[in-house]
Every structure is written in C-alpha cells, then in structure tokens.
Amino acid sequence: MALALTFIWAYVVQSAGLFVAFTAAAVFIYLALRRMRSRSMTVALVVVFLGISLFFYVPNGLPAFQYPFGSTYYGPSSMGPVLPLSHVWEFFTHFSQFQHVADISRDPNDVPAPLTRTTVAADTIDITANEVISQIAPGVFFNFWTFDGTVPGPMIRVMQGDTVTVRFKNDAKSIHPHSIDFHAVIGPGGGASVLQANPGETKTLTFKALHPGIFVYHCASPDAANHMAHGMYGLIDVEPVGGLPKVDKEFYLMQGEFYTAGALGRQGLQIDNPQAMLDGDPQYVVFNGRVGSWPGFQMQAGVGQSVRIFVGNGGVNLISSFHTIGEVFDRVYDEGSYTSPPVTDVQTTLVPPGGATAVEFTLKEPGNYTFVDHALARMDRGAWGVLHATGTPDMSIFDGVVEPMAGH
Ligand SMILES: [Cu+2]
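All figures in this text were calculated on a predicted structure; none of them were measured in a lab.

A. Structural detail: the overall build of the protein. Secondary structure summary: the protein contains five helices and 23 strands in total. Considering only C-alpha atoms, the protein reaches an extent of 90 × 55 × 40 Å along its principal axes. Split into buried and exposed, the 408 residues of the protein put 37% on the buried side.

Here's what the structure looks like:
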C-alpha cells in the first residue's frame with residue numbers, strides 16, 4: 001500500500017501546486033483590477049482569458065473524464081488506450097492483490113532445448129496471463145501485464161508441421177481480459193479470436209505450424225497496443241524439419257517500450273501514459289522488461305563458442321536497430337526467415353515491432369559485448385545489456401590495453 005501512496009502523493013503534490021498557482025493568479029488579477037478601476041482593462045483581461053480558453057478548446061474539445069483528458073483514437077475496437085476514471089479506481093481497489101515480482105526480466109538464458117527430431121509431433125503449451133507489480137528501473141514501479149509473470153513471456157520452440165495446442169489461462173487476480181495472437185498461426189486473429197479470456201477463464205486453441213520462422217506472439221485484447229505496452233509479448237520459433245544448425249549458446253531477447261506519466265527516472269509507482277503511447281514517445285526502451293543496468297542480467301559464453309541470439313521486438317512503436325558493440329554478426333536470419341539464405345557479415349539489423357530475427361557469431365576475444373538499439377539515445381532510456389565473453393585473448397585480432405570504463 002505504501003507503493004500506491006507514492007503514486008497518489010506525486011499527484012497530490014502536483015495538484016496542490018497547480019491549485020496554489022491558480023489561486024495566486026486569481027488574487028493577483030483581482031488586485032490588479034481593483035487598483036486599475038478601469039473598465040477597458042477588465043474587458044482586456046476577460047478577452048485574454050476567453051482567447052486562451054478557445055485556443056485549447058478548438059483543437060481538443062471539452063475534456064472527458066478519462067486519463068489523459070481529451071485523447072482520441074480510431075482503432076477497430078470500442079475500447080481505446082485511454083483510462084476511464086473507473087479503471088483507475090478499480091486499479092487501486094485491487095492493488096493489494098497484485099503479485100509483486102522482484103525482477104520482471106525473463107532470463108535471456110531461458111531458451112528451450114534445441115530441436116533434434118525430424119518427425120512432426122503434437123505440442124501442448126500452457127501460458128498464464130498475470131498482472132504484476134515490478135520495476136522498470138530501480139525504484140520505478142509499474143503495473144506489468146505479462147505472460148507467465150515475466151517480460152517477455154516464455155519462448156516457445158516447435159517444428160514446422162507440428163500440431164500445437166495452447167491452453168491459455170487468464171489468472172483470476174487479473175482485472176483485464178487477455179488473449180494471444182500468434183504470428184505463426186494461420187486463422188482469424190492469429191488465434192486471438194479463440195483465446196480471449198476473462199479473469200479466471202482458460203481458453204484452448206489447436207493450430208498447425210505451417211510456416212517456419214521466428215514469430216512474435218502478443219496479447220490482442222483491446223486496446224492491443226496498450227496491452228503490449230504493458231509487456232505482453234514473446235517469441236514462438238517454428239524451426240525447419242531437423243531444427244537449426246547447432247551452436248554452443250543460445251539467448252532470448254525482446255525489445256519493448258514503456259510509457260509512464262512520470263518523467264524518465266521518476267521514482268515510485270508510475271501510471272501508464274496512453275497519450276505518450278499514441279505519440280510514440282516512450283520514457284523507457286528496454287530489453288527483457290527493464291533497463292539494462294541491473295546486476296543479474298547474465299549472458300556469458302567462452303571465446304571460440306558460437307552464439308545465437310533470438311531477438312524480437314514487442315514495440316509497440318519503435319523499430320529496433322539491433323547491434324552488438326565490438327562484434328559483427330556472421331549470420332542474420334533477416335525478418336526471422338529460415339527459408340531465405342541468412343544475410344552474412346552484418347553490423348546492425350532492423351527488427352520491426354511485431355517482428356524478430358536471430359543473429360549468430362563466434363566469440364573471438366574475451367571481454368564485454370554490449371548489445372543495444374543503435375538509435376543510441378534509447379540506450380540512455382535503458383535499451384542495452386551485456387554479453388560477457390571469457391577466455392584467452394588473441395593478440396593477432398585485438399591488441400591493446402582495455403580501459404575498464406571506456407564508453408563503448
Ligand atoms: Cu492483455
């Protein structure tokens with residue numbers, strides 16, 4: 001409850017400040033008018049006041065009782081990203097039931113075992129939607145909506161031709177309906193038309209994985225963009241018969257954005273900011289649900305080992321320019337395609353919202369390799385992490401003294 005108070009306190013202070021300022025302005029105008037005793041001055045002030053009001057009214061109309069005031073949307077569903085005040089009330093009355101998660105981040109090492117079979121199979125996948133409280137950055141709390149309690153949700157790995165049954169449960173403690181649209185599914189809504197689940201419900205979908213590739217899955221309950229901007233996305237990897245070429249280490253990353261009402265770094269509980277989402281102006285851009293500067297984001301491999309990183313983008317707005325500082329990707333499965341030849345010798349690859357890729361390289365030098373969205377201002381909003389390489393240096397490739405705090 002103390003956490004909920006941080007949110008309320010911030011807005012009480014903000015509102016009180018505004019109230020004091022308006023009162024002071026009113027007193028000032030009143031005193032000015034009394035002193036002037038001038039009719040033309042009064043008329044001038046009224047005209048100024050009406051003019052300013054019209055200035056705001058003409059583009060925005062009258063404010064509605066929602067957050068943010070006066071925003072408009074034209075999505076296909078009747079429910080948009082705005083927060084009716086009743087939802088804000090519902091959030092606070094349910095606040096004590098949310099699970100508090102110490103680290104929202106899905107471990108990038110949490111990749112399903114490689115496929116080795118050559119015959120199709122029937123797979124059963126259980127996924128649960130959970131609404132939890134965790135941190136985007138130290139002290140910056142947010143109400144995440146998740147698949148299985150982390151961002152991103154679990155990586156799913158199947159083979160082309162498999163029959164996949166998804167049992168999707170929406171936790172009884174949720175306060176929103178949730179669903180899953182799998183980009184690997186051929187059929188209405190990518191399955192979201194079947195998997196809409198109210199809190200406490202379980203829905204089941206069976207589909208055949210027709211196309212190989214690395215696909216995004218995400219919640220598609222209205223407002224879909226808003227659900228994704230709360231963390232509801234993951235990857236489903238549909239591999240060609242026999243699986244992918246073997247590598248020594250595999251990792252799983254997904255980029256995403258968070259839109260908070262408080263500015264970057266504002267501490268305490270943050271409400272989401274639907275207007276910033278409509279504007280594509282996030283406060284935080286992150287990999288795996290939170291800023292990259294926390295300890296524990298451990299990605300390690302040895303010199304001589306081949307590495308594959310599955311990279312998805314949950315968006316909801318920004319195209320990722322995925323780059324690993326100090327490396328060149330030997331191969332990139334561009335656009336997440338396994339049937340086109342991989343692109344070779346790549347510095348930076350594009351990962352669009354709702355898209356994915358896999359990059360491969362063999363580590364040749366020990367040290368820290370920072371992966372980023374190379375729209376580098378986003379690194380300052382949290383979009384980075386480190387792959388640590390252990391082993392023996394090869395002076396013929398890289399010879400010099402590494403400064404421990406060198407920027408790159
Ligand atoms: Cu959802």
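Now that the structure has been shown, the text picks up again.
B. Quick look at the domain arrangement of the protein. Domains assigned within the protein are domain 1 (2-62), domain 2 (93-239) and domain 3 (249-390). Averaged C-alpha coordinates put domain 1 and domain 2 at centres separated by 47 Å.

C. Region of interest: the sheet that holds strand 16 (residues 306-315). Here we have six strands laid out as an open sheet, ordered 14-12-16-21-18-19, and mixed in their pairing. For this open sheet the edge positions go to strand 14 (284-287) and strand 19 (343-346), each flanked by a neighbour on one side alone. The mean angle between the axes of side-by-side strands here comes to 25°, regardless of whether they run parallel or antiparallel. In terms of strand pairing, strand 12 (residues 249-258) meets strand 16 through eight bridges, oriented parallel. What sits directly across from Phe251, in strand 16, is Ile309.

D. Structural detail: helix 1 (residues 2-36). Here helix 1 is 35 residues long and its end C-alpha atoms lie 50 Å apart, about the 51 Å a rise of 1.5 Å per residue gives. In terms of residue burial, helix 1 counts as a barely covered element, since only one of its 35 residues are buried. Backbone geometry just after helix 1 places Arg37 at a positive phi near 50°.

E. Spatial organisation of the nonpolar core. The biggest cluster of nonpolar side chains holds 84 residues, and the ones touching the most others in it are Phe215, Leu235, Phe310 and Val311. No fewer than three residues from each of domain 2 (93-239) and domain 3 (249-390) sit in this core. Ignoring any residue separated from it by four or fewer positions in sequence, one finds Leu235 in contact with Pro152, Met155, Ile214, Phe215, Val216, Tyr252, Met254, Phe310, Gly312 and Ala356.

F. Quick look at the pairing of strand 20 (residues 348-351). Residues of strand 20 alternate between two faces, with Thr349 and Val351 buried on one and Thr348 and Leu350 left unburied on the opposite face. Strand direction decides the pairing type here: strand 17 (residues 320-324) and strand 20, joined by four bridges, are antiparallel. In the sheet register, Ser320 faces strand 20, and the bridge partner there is Val351.

G. Layout of the environment of Gly265. Within the fold, Gly265 resides in the loop between strand 12 and strand 13 (268-270). Residue classification places Gly265 among the partly exposed residues on the basis of 14 C-beta atoms within 10 Å. Note: C-alpha distance between Gly265 and Lys169 (96 residues apart in sequence) is 34 Å.

H. Geometry of the sheet that holds strand 20. Taken in spatial order, the five strands line up as 15-23-22-17-20 in an open sheet, and their pairing is mixed. Either end of the sheet is taken by a strand with one partner, and the two such strands are strand 15 (299-302) and strand 20. Strand-to-strand twist of the sheet, defined as the mean angle between neighbouring strand axes without regard to direction, takes the value 25°.

I. Spotlight on unusual backbone geometry. Cis geometry is found at the peptide bond from Val151 to Pro152, where omega equals -5°. Examined against the element boundaries, Pro152 turns out to sit in the loop between strand 5 (140-147) and strand 6 (156-159). A cis amide bond, omega -10°, links Pro222 with the succeeding residue Asp223. Secondary-structure assignment places Asp223 in the loop between strand 10 (213-218) and helix 4 (224-228). With a phi close to 60°, Glu335 is a non-glycine residue in the positive phi region. Mapped onto the secondary structure, Glu335 falls in the loop between strand 18 (329-332) and strand 19.

Quick notes on the rules
Residues numbered from 1 in each chain as written. Predicted model: local features only at pLDDT ≥ 70, side-chain atom pairs only at ≥ 80, totals over all residues. Helix = DSSP H or I, 4+ residues; strand = E, 2+ residues; numbered from the N terminus. Buried ≥ 20, exposed ≤ 12 C-beta atoms within 10 Å, placed from the backbone. Domains from an automatic or database assignment. Pairing = 2+ DSSP bridges. Axes fitted to C-alpha atoms, helices over the stretch in contact; angles between N-to-C directions. Expected span 1.5 Å × (residues − 1). Core = buried A, V, L, I, M, F, W, Y, C linked by C-beta atoms within 7 Å. Contact = placed C-beta atoms within 7 Å.

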